[in-house]
Amino acid sequence: MIRDITIGQYYPAKSVVHRLDPRVKLICTLLYLISLFLFSSIPGYLVATVFLICVIHISKVPFSYIVKGLKPVIMLLMITVLFNLFLTRQGDVLFHAWIFTITEGGLRTAVYMAIRLVYLIIGSSLMTFTTTPNELTDGIEAVLHPLNKIHVPVHEIAMMMSIALRFIPILLEETDKIMKAQLARGADFESGNILQRAKSMVPILVPLFVSAFRRANDLAMAMEARCYRGGDGRTKMKPLRYKSRDYAAYIIVIAYVVAVVAIGRGVQLHIWVF
Amino acid sequence: MSIKLEHLNYVYSAGTAYEKQALKDVCLEIPHGEFVGIIGHTGSGKSTLIQHLNGLVKATSGALYYDGKNIYEPGYNMRELRNQVGLVFQYPEHQLFEVDVMSDVCFGPKNQGLNPDQCMECALEALKLVGLKEKYYNSSPFELSGGQKRRVAIAGVLAMHPKVLVLDEPTAGLDPKGRDDILDQIAYLHTQRDMTVILVSHSMEDIARYADRIIVMNKGEVMYNDCPRKVFEHYRELEQVGLAAPQVTYIMHDLKEQGFAVEPNVTTVEEAAAQIKKALEKRK
Amino acid sequence: MDMVQTDNLIFEYEKRDEEGNVTGTYRAIDGVNINAREGQFIAILGHNGSGKSTLAKHMNAILVPTGGTMWVSGWNTKEPEHLWDVRQSAGMVFQNPDNQIIGTVVEEDVGFGPENLGVPTDEIWTRVEESLKAVGMLEYRHHSPNKLSGGQKQRVAIAGVVAMEPKCIVLDEPTAMLDPVGRKEVLKTVQKLRKEKHVTVILITHYMEEVIDADQIYVMDHGHVVMQGTPKKIFSQVDKLKEYRLDVPQVTLLADTLRKQGVDIPEGILRKEELVEALCRLN
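Residues numbered from 1 in each chain as written. Chains lettered and ligands numbered in written order. Predicted model: local features only at pLDDT ≥ 70, side-chain atom pairs only at ≥ 80, totals over all residues. Heavy atoms only, no water.

A. Examining the interface of chain A and chain C more closely. Taken together, the 29 residues of chain A in the interface contact 38 residues of chain C. When chain A packs against chain C, close to 3,300 Å² is buried across both sides, 55% of that on carbon and sulfur atoms. On the chain A side of the contact with chain C, A:Arg166, A:Arg226 and A:Met237 bury the most area, a combined 29% of that side's loss. Here C:Arg87 ties to A:Glu224 by a salt bridge, and the two come within 3.3 Å at their closest N and O atoms. Across the contact surface, chain A and chain C share 19 residue pairs in polar contact (both at pLDDT 80 or more). If you tally residues by element for the side of chain A that touches chain C, the top one is helix 10 (residues 202–225) of chain A, at 8 residues. (Contact = heavy atoms within 4.5 Å. Buried area = accessible area lost by both parts, 1.4 Å probe. Salt bridge = Lys/Arg side-chain N within 4 Å of Asp/Glu carboxyl O. Polar contact = N/O pair within 3.5 Å; in protein donor to acceptor, adjacent residues only side chain to side chain. Helix = DSSP H or I, 4+ residues; strand = E, 2+ residues; numbered from the N terminus.)

Shown next, in the form of structure tokens:
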């Protein structure tokens, strides 16, 4: 049910990827994501696939867990694919019926787009699977630190993100419970038109908001009671220090990006010539 | 309106790494009009069990008969079942959502398809049953105290006129007086309104005082299913699964060891006092 | 000066109407005098809404008195310059285990307090390890708090407070949302800390069984302290406690019932051993 959503949830395991400095993971993920858009050819995707499989393997996050994380975005994925499939008019027509036309170019773009999106989601969720929200916070805070100069409240943003991540599973469970409680009182969430359905969500949303505010209030109090007073003067339990494996990770990822772009484009160029 | 469970199994997230059997071959029968207590420590499957009773969770295998009909038969009217079996969740006040107490209690009857006048009637009756003062009927449920909110939430279920009332720890977080009030109210519903009551509780003392029969759950299985006196005879086994007998049961056992002529299997203070007095008088 | 001390403490809420205008005031605490000496175990009892939680929040300067004074470890909680000293001296554990854990991994949560205090990194690690050991949760250090039981979560919350090295721990209904096993776990942990670290413990609760070992009990009602004394003294007044919406442990109730029926046993029996012994003397 609803609590099965795993996207963005930390998966505890002991792997090299888990131990990497969060800054490395953030920057490398960013590089990886950009690289996905710098090529579009089968050899390029082969390299990208091999690389992704290797990283997943090293991270020790079970593949099924990652697939489960894809579930909530399947709709979005389908829509993108369909748009690309039907709206791109390029190359030979493969299929035509009424207003729908599928061209070779359209099919290719759709498939590439789907792969890109899936890899994009897997890549970025792999980062959150292997990084505790606290580390992630520290990483974001460190990477964005220069923005402090232009008065961006970097520490506060990072703290908010980390708290949000901690409370997602709790609120999901709560939603499940409230839904069941209202079902027990005869509520109906499944029938009726869109308007009626939207209205039927009120008995879930109101208690959920009330609970979220109560929790926020409690949490703020608990944080103050433990002497939280913003980022100034705080020390770190896990300060960020680059180790040799972090430099190695940078080198590997940069090498990968160079390779995948070269192969991805080079081969395409090759075909072009012929 | 009996409830009968036959070889009920329930497995969470089947086929994944998180697979867990929450209920194992549960066979139970709850006749109409009984006051049943369910105990078991957290994770013993008792919450999952009660969510089966009104069809919120569907068993992986097995059958559940309500009033002689298997609720898993195709075409069974689940809505009607939920009208008959009222389920009050733990911390039920967290489900309140309407602008005032009255409308919130009307939510259930409204879903049953009653007209506004009938809804009001049901709501008024339910609010009276839980003993909420009339001056609060038009206030926002969020302005009430914890105990009052809980009453409103219970009224929300009672307004649907269930024949069976299932309550998951209705006294959690209340102060002693609040606990007694709610339990007395439930006992009243049981005797005066002829309702079947199924009460999940952590308090052995409360269960011993009110229940005709106790079902002990452990690791998804029914461990004991008997009258309180018989169940608490197994106080040593209960301790091993994170439960205990009421304090008086221990006292009586200790007294017996010290040579008192008492019958140790008592579960309430009144019974214990009577036994001790009798034993003392015999001596004289 | 005592660890926690109040002088005629008053706290008033302002009641507001829908436009936010003040329509009146409500005294949640009205002239309370309590004190807790170093190393003592103090219990505060009272029904829901009696003002006991409001009082607890004063000990950590989450609320400051509107009248009278509260001192924690000698600091007046009203003085803003000592705010952080007060909060570090009196650590606070709240009722809802989920809403007070900030970290997503047990050890990171325990480290949160020391981080805020500016403790150097190496020392944070020693403190985290020691505190988790003290509450018996060291083996769970890498776990996610969401996977723990209620009692375990509360122990993590206690470790989070212990890591700040407070002189006093205030527990505001820490067991209200737990099952009996969880309740026992938490209470055992608190007693262990009291012995090993000699912290002052202030326990707010409405479970009577939890306070029979207290050095001193205060009973609150409508913002006042209405009863005060040792557990023996408090629990010998069964009827009076009931008036304040409280009760007594079942042993005490049984002893009281027997007394009322003319059995000659002493008042204020708190443990089953005491009752059995008293009855054996008659037999």
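B. Representation of helix 3 (residues 42–59) of chain A within the structure. All names here are of chain A. For helix 3, with 18 residues, the first-to-last C-alpha span of 25 Å sits near the 26 Å given by 1.5 Å per residue. Listing the buried residues of helix 3 in full gives Gly44, Tyr45, Ala48, Phe51, Leu52, Ile56 and Ser59. Buried residues along helix 3 cover an arc of 135 degrees about the axis, so they all sit on one side. Helix 3 presents Ile42, Leu46, Ile53 and His57 as exposed residues on the side facing more than 90 degrees away from its buried surface. After helix 3 finishes, the residue Lys60 shows a positive phi value of roughly 65 degrees. (Expected span 1.5 Å × (residues − 1). Buried < 20%, exposed > 50% of the residue type's maximum accessible area, 1.4 Å probe, protein only. Arc of directions from axis to C-beta.)

C. Just the sheet that holds strand 7 (residues 164–168) of chain B, in detail. Residue and element names in this part refer to chain B. Spatially, 6-7-8-3-9-10 is the arrangement adopted by the 6 strands of the open sheet, whose pairing is mixed. Where the open sheet ends on each side, the last strands, each with one partner, are strand 6 (85–88) and strand 10 (221–226). Averaged over all adjacent pairs, the angle separating strand axes in this sheet is 15 degrees, with direction ignored. Where strand 3 (residues 35–39) lies against strand 9 (residues 213–218), 4 bridges are found, and the strand directions are parallel. Among the inter-strand pairings, Ile39 is bridged to a residue of strand 9, identified as Val216. (Pairing = 2+ DSSP bridges. Axes fitted to C-alpha atoms, helices over the stretch in contact; angles between N-to-C directions.)

D. Examining the nonpolar core more closely. With 53 residues, the main nonpolar core has B:Val105 and B:Leu158 as its most contacted residues. No fewer than three residues from each of domain 1 (1–76 + 164–178 + 192–228) and domain 2 (92–162) of chain B sit in this core. Here B:Val105 is in contact with A:Arg185, B:Ala123, B:Ala126, B:Leu127, B:Val152, B:Ala155, B:Gly156 and B:Ala159, once residues within four sequence places are set aside. Judged by nonpolar contacts, the second largest core, of 48 residues, contains C:Val119, C:Val128, C:Val186 and C:Val199. (Core = buried A, V, L, I, M, F, W, Y, C linked by side-chain atoms within 4.5 Å. Domains from an automatic or database assignment.)

E. The packing of helix 2 (residues 22–36) of chain A against helix 6 (residues 104–130) of chain A, seen in detail. All names here are of chain A. Helix 6 packs onto helix 2 with a crossing angle of 175 degrees between their chain directions and a minimal axis gap of 10 Å. Considered as vectors, helix 2 and helix 6 are oriented roughly antiparallel to each other. Together, Lys25, Leu26, Thr29, Tyr32, Leu33 and Leu36 of helix 2 and Arg116, Tyr119, Leu120, Gly123, Ser124, Met127 and Thr130 of helix 6 make up the contact between the two elements. (Parallel < 35°, antiparallel > 145°, perpendicular 65-115°, else oblique.)

F. Representation of the domain arrangement of chain B. Residue and element names in this part refer to chain B. You can read the domains of chain B as domain 1 (1–76 + 164–178 + 192–228) and domain 2 (92–162). A C-alpha centroid distance of 25 Å is found between domain 1 and domain 2. The partner domain 2 presents 9 residues to the 10 residues of domain 1 that form the contact. A buried area of about 700 Å², summed over both sides, lies between domain 1 and domain 2, and 63% of it is on carbon and sulfur atoms. Inspection of the region where domain 1 meets domain 2 yields 1 salt bridge.

G. Region of the structure containing helix 10 (residues 247–257) of chain B. Those residues of helix 10 of chain B lying buried are B:Val248, B:Thr249, B:Tyr250, B:Ile251, B:Met252, B:His253 and B:Leu255. Its buried side turned inward, helix 10 of chain B meets helix 8 (228–233), helix 9 (235–240) and helix 11 (269–283) of chain B together with helix 9 (250–260) and helix 10 (272–282) of chain C. Immediately downstream of helix 10 of chain B, the backbone of B:Gly259 shows phi near 95 degrees, a positive value.

H. Expanded view of empty space enclosed by the protein. Summed over the entire model, instances satisfying the criterion amount to 6 cavities of 30 Å³ or more. The volume enclosed by the largest cavity comes to roughly 190 Å³. Lining the largest cavity are 18 residues, with A:Asn134, A:Thr137, A:Asp138, A:Arg234 and C:Glu115 sitting closest to its centre. For the lining of the largest cavity, the secondary-structure elements that each account for two or more residues are helix 7 (133–144) and helix 8 (154–184) of chain A together with helix 3 (106–117) of chain C. Looking at which element gives the most residues to the lining of the largest cavity, the answer is helix 7 of chain A, with 5 residues. Class assignment for the residues of the lining of the largest cavity results in 5 nonpolar, 5 polar and 8 charged. (1 Å grid on protein atoms, 1.4 Å probe; cavity = no way out; pocket = protein on both sides within 12 Å on 5 of 7 lines; lining within 4 Å. Points joined across faces, edges and corners; volume = space filled by probe spheres on them. Nonpolar A, V, L, I, M, F, W, Y, C, P; charged D, E, K, R; others polar.)

I. Highlighting the interface of chain B and chain A. Counting residues at the interface gives 23 residues for chain B and 21 residues for chain A. When the buried area of chain B at its contact with chain A is split by residue, B:His94, B:Gln95 and B:Phe97 rank highest and sum to 29% of it. Connecting chain B to chain A are 2 salt bridges. A:Asp188 is paired through a salt bridge with B:Arg79; the nearest N and O atoms lie 3.9 Å apart. The interface formed by chain B and chain A includes 6 residue pairs in polar contact (both at pLDDT 80 or more). Looking at the side of chain B that touches chain A, the elements with two or more residues in it are helix 2 (78–84), helix 3 (101–111) and helix 5 (146–158) of chain B. When residues of the side of chain B that touches chain A are assigned to their parent elements, the largest contribution, 5 residues, is made by helix 3 of chain B. For the side of chain B that touches chain A, the class distribution of residues is 12 nonpolar, 8 polar and 3 charged.

J. Here's a closer look at the UniProt feature "domain: ABC transporter" (unreviewed entry) in chain C. The UniProt entry lists residues 4–247 of chain C under the feature "domain: ABC transporter" (unreviewed entry), expressed in the numbering used here. Counted over residues 4–247 of chain C, helix gives 34% and strand 27%. Its end C-alpha atoms are 27 Å apart. (UniProt positions renumbered as here; feature names shortened; annotations may be inferred.)

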